[in-house]
Amino acid sequence: MTIELLDSMGVVDTSNAYIRKAVAAPASDVLGRIANLETRLARSAAEIDAAQAVRYRVFVEEMKAQVAPEAGRRKRDVDSWDAICDHLLVLDTSIEGDAEEQIVGTYRLLRQDVAERTGGFYSASEFAIGELLSRHPGKRFMELGRSCVLPEYRTKRTVELLWQGNWAYALKHGIDAMFGCGSFPGVVPEEHALALSFLHHNVRVRDEWAVSARPELYRTMDLMPPEAINPKKALAALPPLIKGYMRLGAMVGDGAVVDQAFRTTDVLIVLPIGKISGRYLNYYGADAGRFSSPVS
C-alpha cells in the first residue's frame, strides 16, 4: 500500500463527478452470489463510506496503519483516489439492516482511461508504472487496490466472490491487464527473506511486462540464493492474497517498497489477462458466469 494523498480535510468530496455518478447510478446487477454472500459495485456515496469504515477496521485498527487525524476521528480509511475509483463490495445479505451494514469486504478498481483523466494510478507513487504502460499503448490496464475482508469472513467463498467481481468487471470494460500492490506485514523486508526471494527467482516479471520499484524506494527482494529456498516453506510464508494472484498466473515486479504509513512491505502484482491460468478461466467461466446466479 502506498502513502495516501488525502485532501485537506482527509475526506472524500461528494460533490466530485465520480461520486455523483455512483450516487446517481441505478442499482447495478449483482456480479456474483454464493449462498448469503454477494458481490457488486457500490451504488451510493453511503455505501462507499461504509466500505471506507471496513477498510479502517482492517488497515488501522487491525494492521495499525497511520491515517490523517480527521480520518481517524471519523474512523474511515480515505484518500483522494476514492472519488475516482469504482468500489467492489462483498455483502452478507443475511445481516439485518441496510446494505451499508452488510459490507464485509471491498476492493477498489481504477481503469486506465479514468486514471489518465484524473491524475494517474495509485501504485505509481511506489512503482515505475509509466514504463510498463508505455510499452503497451494498445492495451487497457486496470489497477486493483485496497483489498480487505473482515476477519470472520476471510474464507474461500469471500475470496472467490472478490475475484468473480474483478473478473466480471474486467470483461465488461475490455481490460487487457491488471496490476496492484500486494503487501507483507511490517517494514523490514529481511523478515520476509524466504518469500520475497522465492518471488524474485520464480515469478518476477520479464521482457515486455517488466516493471520495477521506483529507484529511490527500491529494496531488493533477492535476499537468498535459489538453492537455499525451500519452495513449500516459501509458499506457506506468502500472504494469502499474493498466493492467490500467483495461482491465477500473476507475476511480481522487481524490487519491494517499504510503506511506513501502512507498516507494510509492498510488491507489485502484474496479471495480463492472456496469462490467466486456464484452470481458473474454466472455473469462473470465460464470461464470468460461474457465480452469476444464486448457488448454494
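Throughout what follows, the structure given in this document is the object of discussion. Note that the structure is a prediction, hence the values are computed from the model and not measured. (Residues numbered from 1 in each chain as written. Predicted model: local features only at pLDDT ≥ 70, side-chain atom pairs only at ≥ 80, totals over all residues. Heavy atoms only, no water.)

## Topic: the pattern of salt bridges
For step 1, the next point in the chain: In this structure the tally under the stated criterion is 19 salt bridges.
For step 2, the next point in the chain: The shortest N-O distance in the salt bridge between D49 and R76 comes to 3.1 Å. One end of the pair, D49, is in helix α2 (residues 45-62); the other, R76, is in the loop between α3 (69-74) and β3 (86-92), with 27 residues separating them in the sequence.
For step 3, the next point in the chain: By relative accessible area, D49 is classed as partly exposed at 23%.
For step 4, the next point in the chain: Three or more residues are tied together by salt bridges with common partners; here these are R55, D77, D79, D82, R108 and R146. (Salt bridge = Lys/Arg side-chain N within 4 Å of Asp/Glu carboxyl O. Helix = DSSP H or I, 4+ residues; strand = E, 2+ residues; numbered from the N terminus. Buried < 20%, exposed > 50% of the residue type's maximum accessible area, 1.4 Å probe, protein only.)

## So, the side chain of R76
For step 1, the next point in the chain: The class of R76 is buried, set by a relative accessible area of 18%.
For step 2, the next point in the chain: One polar contact links R76 to D49, side chain to side chain, over a distance of 3.1 Å.
For step 3, the next point in the chain: Only 3.1 Å separates the side chain of R76 from the backbone oxygen of R74, close enough to count as a polar contact.
For step 4, the next point in the chain: Not counting residues within four places of it along the chain, the set of residues in contact with R76 comprises D49, Q52, A53, Y56 and A71. (Polar contact = N/O pair within 3.5 Å; in protein donor to acceptor, adjacent residues only side chain to side chain. Contact = heavy atoms within 4.5 Å.)

## Observations regarding the pairing of strand β5 (residues 141-149)
For step 1, the next point in the chain: The buried fraction of β5 amounts to eight of the nine residues, a majority that puts the element mostly inside the structure.
For step 2, the next point in the chain: One ladder, built from six bridges, connects strand β4 (residues 103-111) with β5; its direction is antiparallel. Among the inter-strand pairings, R108 is bridged to a residue of β5, identified as G145.
For step 3, the next point in the chain: Bridge count for β5 against strand β6 (residues 177-185) is three bridges, and the pairing is parallel. Looking at β6, one finds that E143 is bridged to F179.
For step 4, the next point in the chain: Taken together, β5, helix α6 (residues 156-172) and β6 constitute a β-α-β crossover, and its handedness is right-handed. (Pairing = 2+ DSSP bridges. Right-handed = clockwise from strand over helix to strand, strands pointing away.)

## Considerations on helix α7 (residues 193-202)
For step 1, the next point in the chain: With seven of its ten residues buried, α7 lies for the most part within the structure.
For step 2, the next point in the chain: At its buried positions, α7 is contacted by β6, α8 (231-237), α9 (240-248), β7 (251-252) and β9 (264-272).

## A word on the pairing of β9
For step 1, the next point in the chain: Where burial is concerned, most of β9 is hidden: nine out of the nine residues are buried.
For step 2, the next point in the chain: By the alternation rule, side chains of β9 split into T264, D266, L268, V270 and P272 and T265, V267, I269 and L271, which are all buried.
For step 3, the next point in the chain: Across nine bridges, the pairing between β6 and β9 is antiparallel. What sits directly across from F184, in β9, is T265.
For step 4, the next point in the chain: Strand direction decides the pairing type here: β7 and β9, joined by two bridges, are antiparallel.

## Comments concerning the packing of aromatic side chains
For step 1, the next point in the chain: Going through the model one piece at a time under the given rule, you end up with eight aromatic pairs.
For step 2, the next point in the chain: When the ring of W163 is compared with that of Y284, the centres are 6.3 Å apart and the planes differ by 75°; the resulting orientation is edge-to-face. Placement of the pair is W163 in helix α6 and Y284 in helix α10 (residues 278-284), with a sequence separation of 121 residues.
For step 3, the next point in the chain: Cluster of aromatic residues (ring-pair linked, three or more members): F121, F141, F179 and W209. (Phe/Tyr/Trp six-rings, centres within 6.5 Å; stacked < 30°, edge-to-face > 60°.)

## With respect to unusual backbone geometry
For step 1, the next point in the chain: Positive phi, normally seen in glycine, also occurs at A35, with a value near 55°.
For step 2, the next point in the chain: You can see A35 is positioned in the loop between β1 (32-34) and β2 (37-41).
For step 3, the next point in the chain: At K75, a residue that is not glycine, the phi angle is positive and equals roughly 55°.
For step 4, the next point in the chain: Checked against the element boundaries, K75 lands in the loop between α3 and β3.

## Looking at the nonpolar core
For step 1, the next point in the chain: Residues M178, L199 and V267 are the most contacted members of the largest nonpolar core, which totals 65 residues.
For step 2, the next point in the chain: The element best represented in this core is α2, accounting for eight residues.
For step 3, the next point in the chain: Apart from the residues within four sequence positions on either side, V267 is in contact with F127, G180, C181, G182, F184, L196, M221, I242, V252 and A256. (Core = buried A, V, L, I, M, F, W, Y, C linked by side-chain atoms within 4.5 Å.)

Limitation: the analysis is restricted to geometry and does not speak to function.
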